[in-house]
Amino acid sequence: MSVVVAHLSTPEGREALDSAATEAVRRGTELVVVVTEASSATPELVAAHEDDLRRVEERLAGTGATLRREQGTSDLADDLVSAAERAAAELIVIGLRRRSPVGKLILGSNAQRILLDAPCPVLAVKPERAAGA
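Read on for an overview of the structure. (Residues numbered from 1 in each chain as written. Predicted model: local features only at pLDDT ≥ 70, side-chain atom pairs only at ≥ 80, totals over all residues. Heavy atoms only, no water.)

### Some details on the overall build of the protein chain
Thought 1: Each helix and strand in the protein chain was counted, giving four helices and five strands.
Thought 2: Going from N to C terminus, the protein chain has its helices and strands arranged as β-α-β-α-β-α-β-α-β.
Thought 3: The proportion of buried residues among the 133 residues of the protein chain is 39%.
Thought 4: For the protein chain, restricting intrachain contacts to residue pairs at least 6 apart in sequence, the fraction spanning at least 24 positions comes to 78%.
Thought 5: Only carbon and sulfur atoms are counted for the fraction: they give 53% of the accessible area of the protein chain, which is about 7,300 Å². (Helix = DSSP H or I, 4+ residues; strand = E, 2+ residues; numbered from the N terminus. Buried < 20%, exposed > 50% of the residue type's maximum accessible area, 1.4 Å probe, protein only. Contact = heavy atoms within 4.5 Å. Areas by Shrake-Rupley, 256 points an atom, 1.4 Å probe, with all protein chains shown as cover.)

Right, dumping it as structure tokens:
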């Protein structure tokens, strides 16, 4: 069993990664991180990705949870669902953007596909609001 998450360089992506790490530690299981941006990333973005993953690896050390990376494609929803199926995941964690009242009527297409196609429960998280936002 495992927890699956995509690693994106957005506040929502970082919140999903942190929440997934928390769930992996709580469950004492493997954290599967699908990395999707590396092939077209700038050196700065690659360094930020590595820093995020290194921070998560340090957080998992000694907890019974482990980290495994998988390279994704450009189809985030398909990558997460496929990774969850291969790993017999018990949870997928996704990050959602804050939306306007009208935007709340429409869920992002990737989030919707993941929710509909996931072979396991999906935890959707949002980053905390910035002060004054």
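Having seen the structure, we can now continue with the description.
### Considerations on the packing of helix H3 (residues 76-86) against helix H4 (residues 109-117)
Thought 1: One can describe the packing of H3 onto H4 by two numbers: an axis separation of 8 Å at closest approach and a directional angle of 25°. Between H3 and H4, the crossing angle belongs to the class labelled roughly parallel. Remark: the crossing between H3 and H4 carries right-handed chirality. The residues of H4 that touch H3, namely those facing Leu 76, Ala 77, Asp 78, Leu 80 and Val 81, are Asn 110, Arg 113, Ile 114 and Asp 117. (Axes fitted to C-alpha atoms, helices over the stretch in contact; angles between N-to-C directions. Parallel < 35°, antiparallel > 145°, perpendicular 65-115°, else oblique. Left-handed = near helix turned anticlockwise from the far one by under 90°.)

### With respect to the pattern of salt bridges
Thought 1: Inspection of every chain in the model, using the stated rule, returns 12 salt bridges.
Thought 2: With its nearest N and O atoms 2.8 Å apart, the salt bridge here joins Glu 90 to Arg 27. Separated by 63 residues along the polypeptide, Glu 90 in the loop between H3 and strand E4 (91-95) and Arg 27 in helix H1 (residues 11-27) bring together distant segments of the chain.
Thought 3: For the salt bridge of Arg 69 with Glu 50, the shortest nitrogen-to-oxygen distance reads 3.0 Å. Of this pair, Arg 69 sits in strand E3 (residues 66-71) while Glu 50 sits in helix H2 (residues 43-60), placing them 19 residues apart in sequence.
Thought 4: By relative accessible area, Arg 69 is classed as partly exposed at 36%. (Salt bridge = Lys/Arg side-chain N within 4 Å of Asp/Glu carboxyl O.)

### So, unusual backbone geometry
Thought 1: Positioned with a positive phi, Ala 88 is a non-glycine residue whose angle comes to about 50°.
Thought 2: As for its position among the elements, Ala 88 is in the loop between H3 and E4.
Thought 3: Overall, Ala 88 belongs to the partly exposed group, its relative accessible area being 43%.

### So, the pairing of E4
Thought 1: By the criterion of burial, E4 is predominantly enclosed, with four of the five residues buried.
Thought 2: With three bridges joining them, strand E1 (residues 2-7) and E4 adopt parallel strand pairing. Residue pairing for E4: Val 4 is matched across the bridge by Ile 92.
Thought 3: Looking at chain direction, E4 and strand E5 (residues 122-125) are connected through four bridges and run parallel. Residue pairing across strands places Ile 94 opposite Ala 124, the latter belonging to E5. (Pairing = 2+ DSSP bridges.)

### Observations regarding the layout of surface pockets
Thought 1: Reported here for the largest pocket is a volume of approximately 360 Å³.
Thought 2: In terms of lining residues, the largest pocket is bounded by 20 residues, among which Leu 8, Leu 76, Gly 95, Asn 110 and Ala 111 are the most central.
Thought 3: Contributions of two or more residues to the lining of the largest pocket are made by E1, H1, H3, E4 and H4.
Thought 4: Considering every element that reaches the lining of the largest pocket, the biggest residue donor is H4, with four residues. (1 Å grid on protein atoms, 1.4 Å probe; cavity = no way out; pocket = protein on both sides within 12 Å on 5 of 7 lines; lining within 4 Å. Points joined across faces, edges and corners; volume = space filled by probe spheres on them.)

Without other data, these values stay purely geometric and don't point to any function.
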